[in-house]
There are 2 protein chains.
Amino acid sequence: MRVVLAAGTTETAMIEGISAAGASPELMTHTPAMDAEILIYGEPVSSDLVPVSPNGCPTPAVITRAVRERVGFDVTVIDAGLAADTDAPTVSVGATPGRDIREDRAVPSARATFDRARAFGRSLPDNELFVGETVPGGTTTAAALLRALGSDLGVSSSLPENPLALKERVVAAALDASDIASGEMADSPVAAIEAVGDPVQATVAGLTVGALESGTGVTLAGGTQLVATAALVRAFGVDESLSLATTSFVAADPAVDLAAAAATLSLDVTVTDPGFERSEHVAMARYVAGEAKEGVAMGGALALAEQGGVSTAAVRTQVETVYDRVALQSALTNEETGGER
Amino acid sequence: MRVVLAAGTTETAMIEGISAAGASPELMTHTPAMDAEILIYGEPVSSDLVPVSPNGCPTPAVITRAVRERVGFDVTVIDAGLAADTDAPTVSVGATPGRDIREDRAVPSARATFDRARAFGRSLPDNELFVGETVPGGTTTAAALLRALGSDLGVSSSLPENPLALKERVVAAALDASDIASGEMADSPVAAIEAVGDPVQATVAGLTVGALESGTGVTLAGGTQLVATAALVRAFGVDESLSLATTSFVAADPAVDLAAAAATLSLDVTVTDPGFERSEHVAMARYVAGEAKEGVAMGGALALAEQGGVSTAAVRTQVETVYDRVALQSALTNEETGGER
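I will try to describe carefully the structure that is included in this document. Within each chain, residues carry numbers counting from 1 in the order of the written sequence. Here every chain gets a letter starting at A, and every ligand a number starting at 1, in the order they are written. Given that this is a predicted model, residues contribute local features only at a pLDDT of at least 70 and side-chain atom pairs are listed and counted only at 80 or more, while totals for whole chains, interfaces and linings are drawn from all residues. Note: side-chain values were computed over all heavy atoms of the structure, leaving out hydrogens and water.

This part is about the overall build of chain A. When helices and strands are counted, chain A shows 14 helices and 7 strands. What you see for chain A is a C-alpha radius of gyration of 18 Å, in line with the 20 Å of a compact globule of 341 residues. For chain A, the C-alpha atoms occupy an extent of roughly 50 × 40 × 35 Å along the three principal directions. Between the averaged position of the 21 positive side-chain charges in chain A and that of its 45 negative side-chain charges there is a distance of 2 Å. Helix and strand assignments come from DSSP, with helices taken as H or I runs of at least 4 residues and strands as E runs of at least 2, each series counted from the N terminus. Between the two quantities, the radius of gyration covers C-alpha atoms and the globule rule is 2.2 Å times the number of residues to the power 0.38. Note on charges: Lys and Arg go in the positive column, Asp and Glu in the negative column, and His and the chain ends are not counted at all. To locate a charge, take atom NZ for lysine, CZ for arginine, CG for aspartate or CD for glutamate.

Put into C-alpha cells, the structure is as follows:
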C-alpha cells in the first residue's frame with residue numbers, strides 16, 4: 001500500500017474569496033509545497049511557512065502526517081504543477097502550474113501530464129494505492145470540470161461558507177472562455193481538463209487509469225475534487241471498481257451528495273469521522289467549525305488508521321503533537337530570521 | 001532516522017575499464033536512476049533496465065532494499081546530477097551531471113549544489129541521517145579529490161581487479177587539466193570538487209556539513225567514495241563526530257586502509273559482514289568474488305539490520321526475494337516489449 005499525493009497549483013485560487021488554503025493568496029502558492037514537506041518530514045523544511053487558513057485552521061497535511069506517524073505508510077509525492085520550490089522529494093510527470101480557468105486553455109499540458117501519470121500508475125508495483133491531492137482552488141476547478149463533463153454533482157469548499165455563487169460565476173466564465181457548453185466534453189475527459197481543469201486532475205486521473213489498467217486497486221483519498229477525478233476516470237471508459245475515502249466533514253457539507261456520487265460513478269465510498277469535537281485543540285476546533293474539511297489524503301489516512309486499529313483518540317493525540325511541532329518550528333524560525341507571518 | 005541517497009553521474013564513468021556499475025557504459029548512465037527506483041519501490045519502474053555488472057552482479061540497491069523491507073527505514077533520494085529520467089521521487093539541489101574529470105572544470109555547479117545541499121541538511125528535522133551514494137565512476141573521482149586535498153588514502157573499486165594504474169593515469173590527467181598540484185586544494189574543498197570531483201560529492205558534503213551544523217548525527221553509509229567526502233567535510237573545518245558504515249567487502253580490499261581513514265579523518269568506522277559466502281545465490285556469489293563491494297548505502301543498511309536485530313540469514317533470504325522480483329520484472333517487461341538486454 002502506498003499513499004500518492006499529487007501536489008499542484010492553479011491560478012484560479014488567486015480569485016478573491018475562492019479558497020482558504022493559505023493565510024493569503026500569495027502564501028497559498030506555497031501551500032502544496034509545504035503540505036508535501038509536512039507529510040514527508042513531519043514539518044515544513046524549506047521555509048517557515050505553515051499552511052493555515054486566514055482563521056488559523058491548519059492544513060489537513062497535519063492530520064495525514066499524524067496518522068502516518070501511527071500507521072507508517074509509504075508516501076510518494078508527484079509534482080502535479082507546483083509553483084514554489086519544495087524540499088520534498090517529488091516524481092516528475094511534466095506538469096506545470098494551471099492557469100486561471102477563465103482563460104482560454106487552463107492546462108495546456110493536460111494530455112502529456114495525463115499520459116505520463118498513466119504510465120507511472122501502470123508501472124507501480126504496489127497492490128493498492130491511496131491517491132490524494134493538494135491544490136488550492138481545487139473545488140472550483142472540480143466544479144468546472146464536472147460541468148464540462150455534464151455531471152450535476154456539487155462541490156465542497158475549504159471555507160466554512162461555501163462561496164457557491166462566486167464559484168458558479170467563475171465556472172460560467174470558464175466554460176464561456178473555452179467556448180464549451182455544459183456536458184459538451186462528456187466523451188473528451190482530457191480535453192475537458194485542458195479547457196477548464198487543473199494539472200492535479202490530469203495527474204490523478206492519469207495515475208488512477210494507469211493503476212486500474214494494471215490491476216492495482218485505487219482508493220481516491222479526498223472529497224469532491226476526487227469525485228470530479230472519478231468522473232474523469234469513468235468518462236475515460238474505465239469501469240474497474242474504484243473507492244473514495246473521505247471525511248465526515250465533507251459528508252456533512254450540504255453542497256455534497258456522496259450517495260449520488262457513489263451511484264452515478266460506481267464508487268465504493270468510505271466516510272471516517274475523527275471525532276474532533278471531542279478535542280478543544282485549535283487544530284481540530286477549526287475543522288469542527290467547518291473549515292478545511294478534507295485534503296492531502298486526509299480521509300484516506302483516517303480510513304487507514306481505522307483499518308490499522310488506531311483509535312480516533314490516538315489520532316487526535318498525534319494531531320496535537322504534529323501541530324505543536326509545526327507551530328514551534330515556525331515560531332523558532334521566525335525568531336531566528338526576524339520574519340513575520 | 002532517515003537514509004538519504006545522493007544519486008548522480010559523472011562522464012568519468014564512460015572511460016573504458018573504470019567502472020562495473022552497469023552492463024555497458026551506456027546502461028551505466030541509467031544505474032543511479034534505477035538504483036533509486038529499486039530502493040523506493042522494490043523494483044525498477046520507469047524501464048526494464050536492471051543495474052548489473054558485465055558479470056551479472058546485481059546492484060547493491062538490491063541489498064539495501066532487502067534490508068529496508070525488514071527494517072522499514074525512511075528513504076529520501078536527492079537528484080545529485082542524474083543523467084536519465086527516473087520515476088523515483090527526488091529532492092532537487094540544482095545538481096547537473098558531472099563532466100569527465102580530465103576536462104577543465106568537472107563540476108561547474110559545485111558551489112551552488114554544495115550550498116543548497118547544506119541548507120537542506122541544516123533544515124531536516126531528523127536526529128540522525130545515514131547518507132549513501134550511487135554514482136558510477138565514483139571511486140575514480142574520489143581518488144582525484146583525495147589527491148587534490150592532499151590525502152594519500154586509497155580507493156576501492158566495483159571491479160574485482162581494481163584498475164589502479166588506469167585510475168592513476170586519469171587522476172594525473174585530471175589534476176593536469178585543472179592545473180593543480182597534489183594537495184593544492186587542501187583548504188579549498190568546494191573548489192576541489194569543482195575542479196576534479198563529481199556532483200554527488202558536492203551533494204553529500206553539503207548535506208553532511210549542514211546536518212552536523214544543526215546537531216543532526218551523520219553516518220556516511222558507503223566505502224571509499226564516502227571516505228573522500230569525509231575528507232571534504234574535515235577540509236571544510238567541521239570537526240563534529242562523524243561515522244562511516246561500510247561492508248566487509250570494502251574492508252577486505254587491499255587498496256583500502258580503513259584504519260588510516262578513521263585515524264586521519266576522525267571517523268567512527270563500522271564494518272558489517274552479511275555472510276554472503278553462506279549463500280550460493282548468484283546475487284551474493286558475485287559479491288564474494290569481489291565485485292560491487294558497496295554502494296547505495298549498503299554498508300549502512302547492513303549496520304541498521306544488525307542494530308535492528310535482523311540476522312544476516314534473514315537479510316540473505318530477503319536479498320533473494322528482492323533479486324528474484326527484480327529479475328522477474330525485467331524478464332516480463334522484455335517479453336512484453338520484445339526487448340533484449
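From this point, the narrative continues.
This part is about the relation of the copies chain B and chain A. When the copies are superposed, the least-squares fit takes in the C-alpha atoms of residues with a pLDDT of at least 70 in both. Of the transformation placing chain B onto chain A, the axial shift is 0.0 Å and the rotation is 180 degrees, giving an RMSD of 0.0 Å. Both copies are brought into coincidence by an operation consistent with a two-fold rotation axis. A high fraction, 100%, of the interface residues of chain B reappear at the interface in chain A, so the copies pair face to face through one surface. Note on contacts: a residue pair qualifies if any of its non-hydrogen atoms lie within 4.5 Å across the two residues.

With that settled, consider the packing of aromatic side chains. All names here are of chain A. Stacked, edge-to-face and tilted labels apply to pairs of Phe, Tyr and Trp rings (six-membered ring for Trp) whose centres lie within 6.5 Å, assigned for plane angles under 30 degrees, over 60, and everything in between, in that order. Taken as a whole and assessed by the stated rule, the structure comprises 10 aromatic pairs over all chains. With 5.8 Å between their ring centres and 40 degrees between their planes, Phe 249 and Phe 276 make a pair best called tilted. Here Phe 249 is found in helix α10 (residues 248–251), whereas its partner Phe 276 is found in the loop between β7 (267–272) and α12 (282–288), with 27 residues between them in sequence. Across the pair, Phe 276 and Phe 249 agree in class, each one buried. Aromatic rings pair up to connect Phe 249, Phe 276 and Tyr 287 into one cluster. Buried residues are those whose accessible area, probed at 1.4 Å on protein chains only, stays under 20% of the maximum for their type, while exposed residues exceed 50% and partly exposed ones sit between those limits.

A separate point is the pattern of salt bridges. Any Lys or Arg side-chain nitrogen located within 4 Å of an Asp or Glu carboxyl oxygen qualifies as a salt bridge. Evaluated as defined, the whole model comprises 24 salt bridges over all chains. Arg102(B) is the salt-bridge partner of Asp100(B), the closest N and O atoms lying 2.6 Å from each other. Look at Asp100(B) and you get buried, because its relative accessible area is 11%. Under the relative-accessibility criterion, Arg102(B) is labelled partly exposed at 39%. Glu213(B) is the salt-bridge partner of Arg122(B), the closest N and O atoms lying 3.0 Å from each other. Highlighted residues: Arg122(B) in helix α4 (residues 110–123) and Glu213(B) in helix α8 (residues 199–213), separated in sequence by 91 residues. Given a relative accessible area of 44%, Arg122(B) falls into the partly exposed group. One connected set of salt bridges, linked through shared partners, spans Arg65(A), Glu69(A) and Arg325(A).

On to the environment of Gly222(B). Note on placement: Gly222(B) falls in the loop between β5 (217–221) and α9 (224–235). If we skip the residues at most four places from it in the chain, Gly222(B) touches Leu244(B), Ala245(B), Thr246(B) and Glu294(B).

A separate point is the interface of chain B and chain A. Opposite the 18 residues of chain B that make contact, chain A presents 18 residues. Here the quantity called buried area is the accessible surface, traced with a 1.4 Å probe, that two parts lose on coming together, added over both. Together, the buried faces of chain B and chain A total about 1,600 Å²; carbon and sulfur atoms form 52% of this surface. A salt bridge links Arg68(A) to Asp74(B); its shortest N-O distance comes to 3.4 Å. Two N or O atoms form a polar contact when they lie within 3.5 Å of each other; inside protein one atom must be a possible hydrogen donor and the other a possible acceptor, and for residues adjacent in sequence the pair counts only when both atoms belong to side chains. Here chain B and chain A share 7 residue pairs in polar contact (both at pLDDT 80 or more) between them. Of all the secondary structure elements, the ones that give two or more residues to the side of chain B that touches chain A are α2 (31–41), β2 (74–79), β3 (90–92) and α4 of chain B. If one sorts the elements of the side of chain B that touches chain A by residue count, β2(B) sits on top with 3 residues. Grouping the amino acids of the side of chain B that touches chain A by side-chain chemistry returns 10 nonpolar, 3 polar and 5 charged. Charged residues are taken to be Asp, Glu, Lys and Arg, nonpolar residues to be Ala, Val, Leu, Ile, Met, Phe, Trp, Tyr, Cys and Pro, and polar residues to be all remaining types, Gly included.

Residues and elements named next belong to chain B. Axis separation between helix α5 (residues 138–149) and α9 bottoms out at 8 Å; the angle between their running directions is 30 degrees. Classed by the angle they form, the pair α5 and α9 counts as roughly parallel. Remark: the crossing between α5 and α9 carries left-handed chirality. For the pair α5 and α9, contact is made by Gly 138, Thr 139, Ala 142, Leu 145, Leu 146 and Leu 149 and by Thr 224, Gln 225, Ala 228, Ala 231, Leu 232 and Ala 235, respectively. Each residue belonging to the contact of α5 with α9 can be placed in one class, and the counts come to 8 nonpolar, 4 polar and no charged. Lines fitted to the C-alpha atoms define the axes, with helices restricted to the stretch that makes contact. Angles between their N-to-C directions range from 0 to 180 degrees. Note on angle classes: values under 35 degrees are labelled roughly parallel, values over 145 roughly antiparallel, values of 65 to 115 roughly perpendicular, and the remainder oblique. With the far helix as reference, a near helix turned anticlockwise by less than a right angle produces a left-handed crossing, and one turned clockwise produces a right-handed crossing.

Interpretation in functional terms is not warranted from these geometric data alone.
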